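# Commentary on secondary and tertiary structure
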Amino acid sequence: MTRTVACSHRPSRDSNRTEVLRDEDCQSPKPVPVQACNRFDCPPMWDTRAWGQCSQSCGGGFQRRQILCKQRLADGSILELPDTFCPSESPPSQQICAKLECPARWVTDWSQCSVSCGNGIQRLEAVCRRQGEDRRHQNVDPENCSLLARPTKIRPCSLRLCENSLKPNPTILGQKKVYIQWRKGKKLQLVVGGYAYLLPWTTVVLRCPTRNFRKGQIRWLKEGKPLTGPPHLSMTSLGYVKFQQLRASDAGIYTCVAGQAREHFVLQIIGSKHKLSAPASWLLGGGQQKVRETDAAMRERFQALPVPLNRYDTIVEQLLELKGSLQEEKDPADKTQKNRSTLEDERANSELSSLLVLIADTQRLDEIMHDLSEGGQREGQLITQLLSELAITRGENNESTLHPPEKAESSTQVPPLDKPSIKAPRLRSPVIIQRPRKVGVVPSSEMTVHVGVPALLQKPIASLELRCEALGNPEPSLTWTKNGKEMHYNSRVGLLSSGSLRIQSPSKPDEGLYTCTANNRLGTTSLSSLLQITGGKGRSCVQSNGIGANGPICSERSNSSQSAEPCHGQACPLRWRMDPWSPCSASCGGGSQSRSVRCLKGPEGRSREVESRQCLGSGRRPSDSRPCNQLPCTRWASTSWGACHGQCVGPSLATQHRHVYCQDLNTTKVSYRMCSGLQRPVSLKNCSTEACLLHWRVEPWTPCTATCGRHGFQSRQVTCAHRRTGKATREHHCMWRPRPPSWQRCNILSCGRAGECRDSTRYCEKVRELELCTLPQFKSRCCHSCKNT
């Protein structure tokens, strides 16, 4: 604190007027004009500098400022600290400025040459455009540019000489692919001929590879009209269209025109909550988007479009819904108890989300659509299997999937563009997909419950399926337990080829906790469902045709080896007793199973076998043979291992890939579904690569900035380098190991313990002036300056 101290004099005792004299005129010692206050360190706080100049004068620009974390110490010094020392959120370092509309102006561009060969003309086409306060450009009425002279120019253009000889017709090398963007990426390069479902704010290059046609003469249409888009959309002289950050308004049908050849491309934008969004002008087959009834011309134009707009929307929306359910299972319930297996599960759950783009053939998606149209309860399984296929084949695709060979195009070369990374699938521990209970009418004869959801039966049903769907690489094997014990399968309780559990005619003894466990060499995960039966007494009398029996004679509903419910007295029913099925006579290609069927009479434990005709009144005799293993004999085969590549995932661990396919006994390649019941060989394994020889190289620490006290620190250089060559590379190549710290505090000792009296800060002169030497913390740091005070 400071105050004014002056030597004053009052001429007389009764006077209220004072006169200021010189300091030496006052005989008493002069009081101090400065006094210390608030003698403790201030907490670290953000120090904001002045805003810089705006990047634009209109149309919405940006201006920046510097933000530093600083701490004012009690001795008056200012200490600059790392940003992590300031606890609150940093003030904004950037803001929008110049929020004014720019004046309209003419934007010009030369048209294409009026002829395709020989001599022609080009016109300078001008459009009146204005940049709004939101930085977006829009075309406005030419009247707004009337004060400026509209540019009108014509110039000659000369193309190659016209030839009278017949030339081969131009063709467009389109690709029948469906691109589904799985996560955000900076830039994608796609080819016409298919469909794309992309996330907004992605930069996209749409190419139209041609043969026997000049790229500079390629024309583009959108919904049948010449393509003239906003500033973020540009058409280059090399024949491709570039979207600089996609908007929802960019969705539509794009047509590449090369002479008489045309190829279409449907672009859709993935909106919030994984829903597809499209412009209101689209006329979808299902009537999901409305079109103005008065605009008959627009309606006719959209109805005449050559390709359907929403052909694969159903499949894509279900894939995105499945992606959302996987993301919800990322975080374990207790984040404070993370063991090694939990961390591995988290890493496995994030593998699918690391995919940039899923690429599917339209033919394969058409097969899925056909299967879905047939109905049934395999919808979720089909979508899950499709996602697994796309994740595995993603690494098997070569780069021609997104980038066709340049030699197939015309002589004009396209400059190299950023390509999405295509990596081999990574190893991942199992994940069981949990689906919510679907509300609706359930058939009384059978019931399907996804594991993780309790099953409550209030009336007898013919069969119950506990469905278990799991993802993983290598493909996980599924096992079931009941109340923590190993399951015992029979003809009534058995496994399906998909790994799900089926219980025929469930009754009271079947109640319990059923747990599905998915396991591969990377880990194990489990999910359970509780089965409870509340309807009836756990047993119902059902004849072979499913109609309730009248009278005391009832037949069992199951094919198990268990006998009927015990009874007493002479009125015990006649019943069929079936032994378990024998093993199948063949593992594939068609075999048979047999069992013994007997007619029993009398109470349980004292029953005796009688002639079969006596049991005919209790229902038709159960069959004693059945076919089994009807699928053709197939096996998994694989190619040789590919080159070792990819980033290192651990000490001396990279990955290499091979192609795994299904073949029959004649070594003919068949559909992968034919091998679905067999253990699939791994298509990915660890190997050693040069990337594993990288390590963090640390230099020596610099001298400490202080010999004692609490504010000294030292730093060192940390680089990612090759162990053998010593050459430095980018740090992200070493991120599979923790990065050593590049700075630390040092000499955090009281300066009084150093054994000599000296100053540890350059602000000690200020400490002595403010009379702070009496305080212990300042006396120890300024020992030399304070020793004579």
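Here the structure is a predicted model, which is why all the values come from computation and not from measurement.

### A look at the overall build of the chain
Scanning the chain from N- to C-terminus turns up eight helices and 52 strands. Looking at the chain as a whole, 38% of its 789 residues are labelled buried. Considering only residue pairs separated by 6 or more positions, the chain has 63% of its internal contacts joining residues 24 or more positions apart. In the form shown here, the chain has an accessible surface area of approximately 46,500 Å², with 50% of it arising from carbon and sulfur atoms.

### Looking at the sheet that holds strand S16 (residues 203-207)
Spatially, S14-S16-S21-S20 is the arrangement adopted by the four strands of the open sheet, whose pairing is mixed. Unpaired on one side and paired on the other, strand S14 (187-191) and strand S20 (233-235) mark the two borders of the sheet. Along the sheet, successive strands turn relative to each other by an average axial angle of 15 degrees, direction set aside. As defined by bridge partners, S16 adjoins strand S21 (residues 241-243) across three bridges and the pair is classed as antiparallel. Paired with Val204 across the two strands is Phe243, which belongs to S21.

### Structural notes on the nonpolar core
Among the nonpolar cores identified, the biggest contains 30 residues, and Leu190, Leu206, Trp220, Phe243 and Leu267 are the most heavily contacted of them. Of all the elements in the fold, those that place two or more residues in this core are S14, strand S15 (195-198), S16, S21, strand S22 (252-258), strand S23 (261-270) and strand S25 (357-361). Examining the composition of this core, we find that four residues originate from one element, S23, more than from any other. Once residues lying within four places of it in the same chain are set aside, the contact partners of Leu206 are Leu190, Val191, Val192, Trp220, Tyr240, Val241, Phe243, Tyr254 and Phe265.

### Comments concerning the side chain of His232
Positionally, His232 belongs in the loop between strand S19 (225-226) and S20. Reaching out from His232, the side chain makes a polar contact with the side chain of Asp250 at a distance of 2.9 Å. Ignoring sequence-local partners within four residues, the contact set of His232 consists of Lys242, Phe243, Gln244, Gln245, Arg247 and Asp250.

### Focus: the environment of Gly726
Relative to the assigned elements, Gly726 resides in the loop between strand S50 (718-722) and strand S51 (728-729). Not counting residues up to four positions away in its chain, the partners in contact with Gly726 are Arg697 and Ala721.

### A short note on unusual backbone geometry
A negative phi angle is the norm for most residues apart from glycine, just as the trans form is the norm for most peptide bonds. Look at the link from Asn473 to Pro474: it is a cis peptide, with omega at 5 degrees. Considering the arrangement of structural elements, one finds Pro474 in the loop between strand S30 (470-473) and strand S31 (477-482). At Glu771, a residue that is not glycine, the phi angle is positive and equals roughly 55 degrees. Along the chain, Glu771 turns up in the loop between helix H6 (764-769) and helix H7 (776-781).

### Overview of the sheet that holds strand S5 (residues 67-72)
The three strands are arranged S3-S5-S6 in an open sheet whose pairing can be described as antiparallel. On the outer flanks of this sheet lie strand S3 (45-48) and strand S6 (78-81), each paired with one strand and no other. The sheet shows a mean angle of 50 degrees between the axes of neighbouring strands, taken without regard to direction. The sheet contact formed by S3 and S5 spans four bridges and is antiparallel. What sits directly across from Trp46, in S5, is Cys69.

### Some thoughts on the side chain of Gln71
Mapped onto the elements, Gln71 comes out in strand S5. Within polar-contact distance, the side chain of Gln71 engages the backbone oxygen of Cys42 at 3.0 Å.

### Points about the confidence of the model for the chain
Residues of the chain with pLDDT of at least 70 account for 77%, and the chain-wide mean is 76. Note that pLDDT drops below 50 for residues 395-424; the model gives that stretch 76 contacts with residues more than four away or on any other chain.

### Topic: the state of the cysteines
Throughout the structure, instances matching the rule amount to 15 disulfides. Two residues share a disulfide in this structure: Cys662 and Cys675, whose sulfurs sit 1.9 Å from each other. Sign of the S-S torsion, about 75 degrees for the bond between Cys662 and Cys675, identifies this disulfide as right-handed. Taken together, the positions of Cys662 in strand S45 (residues 660-664) and Cys675 in the loop between strand S46 (669-670) and strand S47 (684-687) put the pair 13 residues apart, joining distant regions of the chain.

### Concerning the pairing of S31
With six bridges connecting them, S31 and strand S35 (residues 512-520) associate as antiparallel partners. The partner of Leu478 across the bridge, within S35, is Ala518. By the bridge criterion, two bridges tie S31 to strand S32 (residues 485-486) in an arrangement that is antiparallel. Its bridge partner being in S32, Lys482 is matched across the sheet by Lys485. Between the end of S31 and the start of S32, which pair antiparallel, lie two residues, with Asn483 showing a positive phi angle near 55 degrees.

### Considerations on the pattern of salt bridges
Counting across every chain of the model gives 18 salt bridges. Its salt-bridge partner being Arg502, residue Glu465 comes within 3.8 Å of it at the nearest N-O pair. Here Glu465, found in strand S29 (residues 463-467), pairs with Arg502, found in strand S34 (residues 501-504); they are 37 residues apart in sequence, far enough to count as distant. Close ionic contact of Arg621 with Asp624 constitutes a salt bridge, the shortest N to O distance being 3.8 Å. Given the relative accessible area of 30%, Arg621 is considered partly exposed. Residue classification places Asp624 among the partly exposed residues on the basis of a relative accessible area of 33%. Salt bridges sharing partners connect three or more residues here, namely Arg22, Glu24 and Asp25.

### As for the packing of aromatic side chains
Using the criterion set out here, one finds three aromatic pairs in the structure. Measuring from ring centre to ring centre gives 5.1 Å for Tyr195 and Tyr312, while their planes differ by 85 degrees; the resulting arrangement is edge-to-face. In this pair, Tyr195 is assigned in strand S15 and Tyr312 in the loop between helix H1 (296-303) and helix H2 (313-328), connecting sequence segments 117 residues apart. Taking the relative accessible area as the measure of exposure, Tyr195 reaches 6% and is therefore buried. The cationic tip of Arg155 hangs over the ring face of Trp110; the distance from NZ or CZ to the ring centre is 4.0 Å. Its end group placed over the ring of Trp636, Arg680 keeps NZ or CZ at 5.2 Å from the ring centre.

### Focus on helix H4 (residues 362-373)
For H4, built from 12 residues, the straight-helix expectation of 16 Å at 1.5 Å per residue is met to within 8% by its first-to-last C-alpha distance of 16 Å. Every buried residue belonging to H4 is among Thr362, Arg364, Leu365 and Ile368, and all of these are buried. Axial view of H4: buried residues confined to an arc of 155 degrees, hence all on one face. Those residues of H4 that are exposed and aimed more than 90 degrees away from the buried face are Gln363 and Ser373.

### Here's the deal with the environment of Thr668
Considering the arrangement of structural elements, one finds Thr668 in the loop between S45 and S46. Classification of Thr668 as partly exposed rests on a relative accessible area of 40%. For the pair Thr668 and Thr634, spaced 34 residues apart in sequence, the C-alpha separation works out to 9.5 Å. Setting aside anything within four residues of it in sequence, one finds Thr668 in contact with Cys662 and Gln663.

The rules behind each value
Residues numbered from 1 in each chain as written. Predicted model: local features only at pLDDT ≥ 70, side-chain atom pairs only at ≥ 80, totals over all residues. Heavy atoms only, no water. Helix = DSSP H or I, 4+ residues; strand = E, 2+ residues; numbered from the N terminus. Buried < 20%, exposed > 50% of the residue type's maximum accessible area, 1.4 Å probe, protein only. Contact = heavy atoms within 4.5 Å. Areas by Shrake-Rupley, 256 points an atom, 1.4 Å probe, with all protein chains shown as cover. Pairing = 2+ DSSP bridges. Axes fitted to C-alpha atoms, helices over the stretch in contact; angles between N-to-C directions. Core = buried A, V, L, I, M, F, W, Y, C linked by side-chain atoms within 4.5 Å. Polar contact = N/O pair within 3.5 Å; in protein donor to acceptor, adjacent residues only side chain to side chain. pLDDT = per-residue confidence, 0-100. Disulfide = S-S within 2.5 Å. Salt bridge = Lys/Arg side-chain N within 4 Å of Asp/Glu carboxyl O. Phe/Tyr/Trp six-rings, centres within 6.5 Å; stacked < 30°, edge-to-face > 60°. Lys NZ or Arg CZ within 6 Å of the ring centre and 35° of its normal. Expected span 1.5 Å × (residues − 1). Arc of directions from axis to C-beta.

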